[in-house]
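For reference, the chains in residue letters:
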Amino acid sequence: MRDLADESHIDRFMQALGRAAKSEGRVYLTGGATAVLHGWRESTIGVDIKVVPDSDDLLREIPRLKEQLNLNVELAAPSDFIPVPDGWEERSPLIRREGKIAFHHFDPVAQALAKAERGHEQDQRDVQQMIASGLVDPADAIAQFEAIEPELYRFPAIDPASFRKSVEELFR
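Rules used throughout
- Residues numbered from 1 in each chain as written.
- Predicted model: local features only at pLDDT ≥ 70, side-chain atom pairs only at ≥ 80, totals over all residues.
- Heavy atoms only, no water.
- Helix = DSSP H or I, 4+ residues; strand = E, 2+ residues; numbered from the N terminus.
- Buried < 20%, exposed > 50% of the residue type's maximum accessible area, 1.4 Å probe, protein only.
- Contact = heavy atoms within 4.5 Å.
- Axes fitted to C-alpha atoms, helices over the stretch in contact; angles between N-to-C directions.
- Parallel < 35°, antiparallel > 145°, perpendicular 65-115°, else oblique.
- Nonpolar A, V, L, I, M, F, W, Y, C, P; charged D, E, K, R; others polar.
- Polar contact = N/O pair within 3.5 Å; in protein donor to acceptor, adjacent residues only side chain to side chain.
- Left-handed = near helix turned anticlockwise from the far one by under 90°.
- Pairing = 2+ DSSP bridges.

1. Here we look at the side chain of Q111
Phase 1: For Q111, the location among the structural elements is in helix α4 (residues 108-118).
Phase 2: Given the relative accessible area of 2%, Q111 is considered buried.
Phase 3: Among residues more than four places away in sequence, those in contact with Q111 are L29, T30, G31, T34, P78, H105, F106 and M130.

2. Describing the packing of α4 against helix α6 (residues 138-148)
Phase 1: Here α4 crosses α6 at 75°, and the two axes come no closer than 10 Å. Comparing the axis directions of α4 and α6 gives the class roughly perpendicular. Side by side, α4 and α6 meet where V109, A110 and L113 of the first sit next to D140, A141, Q144, F145 and I148 of the second.
Phase 2: Here the residues of the contact of α4 with α6 are counted per class, giving 6 nonpolar, 1 polar and 1 charged.

3. Points about α4
Phase 1: With respect to burial, α4 is a largely interior element, 9 of its 11 residues being buried.
Phase 2: Of the positions making up α4, those classed as buried are P108, V109, A110, Q111, A112, L113, A114, K115 and A116.
Phase 3: Of the surrounding secondary structure, the elements contacted by the buried residues of α4 are β2 (25-30), α2 (32-38), β7 (101-105), α5 (121-132), α6 and α7 (160-171).
Phase 4: Taking the backbone nitrogen of V109 as reference, a side-chain oxygen 3.1 Å away marks D107 as the first, capping residue of α4.
Phase 5: Phi turns positive one or two residues past the end of α4, at G119, with a value near 75°.

4. Comments concerning the packing of α4 against α7
Any two packed helices are characterised by how steeply their axes cross, that is the angle between the axes, and by the distance between the axes.
Phase 1: At a closest axis distance of 8 Å, the pairing of α4 and α7 adopts a crossing angle of 120°. In terms of orientation, α4 lies oblique with respect to α7. In terms of crossing hand, the pair formed by α4 and α7 is right-handed. Contacts between α4 and α7 involve A112, L113, A116 and E117 from the first element and F163, S166, V167, L170 and F171 from the second.
Phase 2: Partitioned by chemical class, the residues of the contact of α4 with α7 number 7 nonpolar, 1 polar and 1 charged.

5. What to know about the sheet that holds β7
Phase 1: Taken together, the 5 strands give an open sheet; going across it, the order is β5-β4-β2-β7-β6, and neighbouring strands pair in mixed fashion. Each edge of the sheet is formed by a strand with only one pairing partner; in this case those strands are β5 (72-75) and β6 (94-98). Pairwise comparison of adjacent strand axes, ignoring direction, gives a mean angle of 30° for this sheet.
Phase 2: For β2 and β7, the ladder comprises 5 bridges, and the chain directions are parallel. If you follow L29 over to β7, its bridge partner there is H105.

From the geometry alone we can't say anything about function, so treat these as descriptive.
This is the structure we're talking about:
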């Protein structure tokens, strides 16, 4: 069993991945890692990331870092589960640079919408914290949902009616 990812684990992961990078890129943290770094959770099960552009050197480094740091790392982002409106990269706040890698939080509104779609109790608490901290504006979340709603058919696991209901309950 791997350790829970607290702020120090996430910090060490970013440092090590930044040292391993041979070319410029971005790594987007999402889910529990965003919650931990913003301080509304002490830890998370693992670090979910999206690497842009796909980088063989970074992807090859991740299994080694998982072992070295005793940390779960998954390639997962909101864009894997819901449609994400264009411009998500610009809406993804910079955390910091490590070596050639710029670490960002994946677009907070996209994260909140993905959490709304999944609907777990922890996801709902996270969304409430994102709103309370000013990271997510409810009106913006609703507008972004309406922008992606016509594309939901591309994600057959999503039930559009229940997704809309969840969005309305969380953001209105």
